[in-house]
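Tertiary structure, described
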Amino acid sequence: MDRTELADFLRRCRTRLAPADVGLSQGARRRTPGLRREEVAQLAGMSTDHYTRLEQARGSRPSRQMLAAVARALRLTGDERDHLFYLAGEEPPRNHRPSTEHVRPGLLLVLDRLTDTPAQVLSDCGDILAQNALAKALHGDASTRPEVDRNIAWRFFTDPSARELFPAEDRERAARTAVADLRATLARRPDDARLAGLVRRLRARSEEFAALWDTHHVAVRRADAKRFLHPVVGLLELDCEVLANPEHDQRLVIYSARPGSRAYERLQLLRVVGLQNLRHGQATRT
C-alpha cells in the first residue's frame, strides 16, 4: 500500500468535484475548491475521521468494500477506480498478469498482414515491441534506435524531433495522455523496478513531465482520433484503435483513415514513399 500516493490521489479527486456534481447544495461560501472531507465520507457511508486519515496518509488499510464506496463517492472513472485499488495494495475487480516483452507469433502474423494501414505492438509502459512497414514509414523504424529511445514517452519528453510528428496544437494533449497512461501502468505494477526507473529518469530530465505527473491524472490509452504531421505527405487525420492483450499487457495499435478521404489518399502515398525509403535503406546497409 502506497499511503502517500493514495492520499494525494484522494485529495486531488475530491477537490475537482463541485457539490452539484454529487447532488449536494453549494451552501455557504467555500474557502477551497471541491467537496469537503465530511461530504465525501457521507457519500461513501464512512466516518469523517476514517476518511480524513486516508487523506493524511495514516490509519488502517481500507477494505475493498470501502475502496469501492470511495470510488463511487468521488465519481471515479473505471481507470481511476482501478488506480485507487492498486494504490491501496489491492487488485481491482479484474485480474492483471505480469508484463512481458515477448510478442506472440500469432500477433506478429496479424501485424504483418496489415499492409495498407500503420500498426504496431506496444507494451503498456510505451515500449515499441514490433512495427509493420507502414508504421515504420509513419513513426520511424524503432528497431534502429537505442533501447531507451524505443519508449514513446521517453522520446516525446526528451527528443524535440519526436514532437514534430504532432501538430503544435495537439502536443499538450499528447503529453497529458502519455503521462496519465504511464501513471495507470505504474499503479498496476508498483514493484516493477524498470518502470519506476523510467518514471524517475523522466521526472529528472523533463520539467513538463514532472509537472504533469504531479497532477495525478490517470487514464488508459483507448480508441481515439489522432493527427500526425508527416514531413513528406503532410497532415494525416487517423482513427486510432487500441486492441489490448491483457494476458501480456500489450496493445496492438492500428491507425486507419476513411476510404475516399484526404487522409486515406495521403496514407496510400505514404505507403508507396515509405516502402521505397525502407527498401533503399536496406539496400544501403547490405
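Read on for an overview of the structure. (Residues numbered from 1 in each chain as written. Predicted model: local features only at pLDDT ≥ 70, side-chain atom pairs only at ≥ 80, totals over all residues. Heavy atoms only, no water.)

Re the overall build of the protein
Secondary structure summary: the protein contains 13 helices and five strands in total. Here the analysis covers contacts within the protein between residues at least 6 apart in sequence; of these, 57% occur between residues at least 24 apart. (Helix = DSSP H or I, 4+ residues; strand = E, 2+ residues; numbered from the N terminus. Contact = heavy atoms within 4.5 Å.)

A word on the environment of V70
Among the structural elements, V70 can be located in helix 4 (residues 64-73). The exposure class assigned to V70 is buried, which follows from its relative accessible area of 2%. Look past the residues within four positions of V70 in its chain and what remains in contact with it is L10, A44, M46, Y51 and L84. (Buried < 20%, exposed > 50% of the residue type's maximum accessible area, 1.4 Å probe, protein only.)

Some details on the packing of aromatic side chains
All chains considered together, the criterion is met by six aromatic pairs. On the basis of an interplanar angle of 75° and a centroid distance of 5.8 Å, the ring pair of F156 and F166 is categorised as edge-to-face. In this pair, F156 is assigned in helix 8 (residues 152-158) and F166 in the loop between helix 9 (160-163) and helix 10 (171-188), connecting sequence segments 10 residues apart. On the basis of an interplanar angle of 20° and a centroid distance of 5.6 Å, the ring pair of F209 and W213 is categorised as stacked. Here F209 pairs with W213, and both are found in helix 12 (residues 207-214), just four residues apart, close to one helical turn. Taken together, the ring pairs in this structure connect F156, F157, F166, F209, W213, F228 and Y255 into an aromatic cluster. In this structure, R201 is placed above the aromatic ring of W154, and the distance from its NZ or CZ to the ring centre is 5.8 Å. (Phe/Tyr/Trp six-rings, centres within 6.5 Å; stacked < 30°, edge-to-face > 60°. Lys NZ or Arg CZ within 6 Å of the ring centre and 35° of its normal.)

Structural notes on the packing of helix 11 (residues 193-205) against helix 12
Across the interface, helix 11 lies against helix 12 with an axial gap of 5 Å and an inter-helix angle of 120°. When the axes of helix 11 and helix 12 are compared, the pair comes out oblique. In this structure, helix 11 contributes V199, L202, R203 and R205 to the contact, and helix 12 contributes E207, F209, A210, W213 and D214. A per-class count over the contact of helix 11 with helix 12 returns five nonpolar, no polar and four charged. (Axes fitted to C-alpha atoms, helices over the stretch in contact; angles between N-to-C directions. Parallel < 35°, antiparallel > 145°, perpendicular 65-115°, else oblique. Nonpolar A, V, L, I, M, F, W, Y, C, P; charged D, E, K, R; others polar.)

Remarks on the environment of A41
Topologically, A41 is positioned in helix 2 (residues 37-44). The class of A41 is buried, set by a relative accessible area of 1%. Considered as a pair, A41 and T52 are 11 residues apart in the sequence and their alpha carbons are 8.5 Å apart. Setting aside chain neighbours within four positions, we find A41 in contact with M46, S47, T48 and Y51.

Description of the environment of H216
Relative to the helices and strands, H216 is located in the loop between helix 12 and strand 3 (224-230). Taking the C-alpha atoms as reference points, H216 and A180, separated by 36 residues in sequence, lie 7.4 Å from one another. Excluding anything up to four places from it in sequence, H216 contacts E5, D8, F9, R12, H83, L87 and R183. For H216, the side chain forms a polar contact with the side chain of R183, separated by 3.5 Å. (Polar contact = N/O pair within 3.5 Å; in protein donor to acceptor, adjacent residues only side chain to side chain.)

What to know about helix 4
Residues that lie three or four places apart on an α-helix share one face, since the helix turns once every 3.6 residues. Here helix 4 has its buried residues at M66, L67, A69, V70, A71 and A73. Where helix 4 is buried, its residues contact helix 1 (3-15), helix 2, helix 3 (48-55) and helix 5 (78-87). At the exit of helix 4 stands R75, carrying a positive phi of roughly 55°.

Focus on the pattern of salt bridges
Applying the stated criterion across every chain yields a total of 24 salt bridges. With its nearest N and O atoms 2.9 Å apart, the salt bridge here joins E55 to R37. Of this pair, E55 sits in helix 3 while R37 sits in helix 2, and the two are 18 residues apart along the sequence. On the basis of relative accessibility, which here comes to 1%, the residue E55 falls in the buried class. For R37, a relative accessible area of 25% gives the class partly exposed. A salt bridge links R194 to D127; its shortest N-O distance comes to 3.1 Å. In this pair, R194 sits in helix 11 while D127 sits in the loop between strand 1 (119-123) and strand 2 (128-131), placing the two residues 67 residues apart along the sequence. (Salt bridge = Lys/Arg side-chain N within 4 Å of Asp/Glu carboxyl O.)

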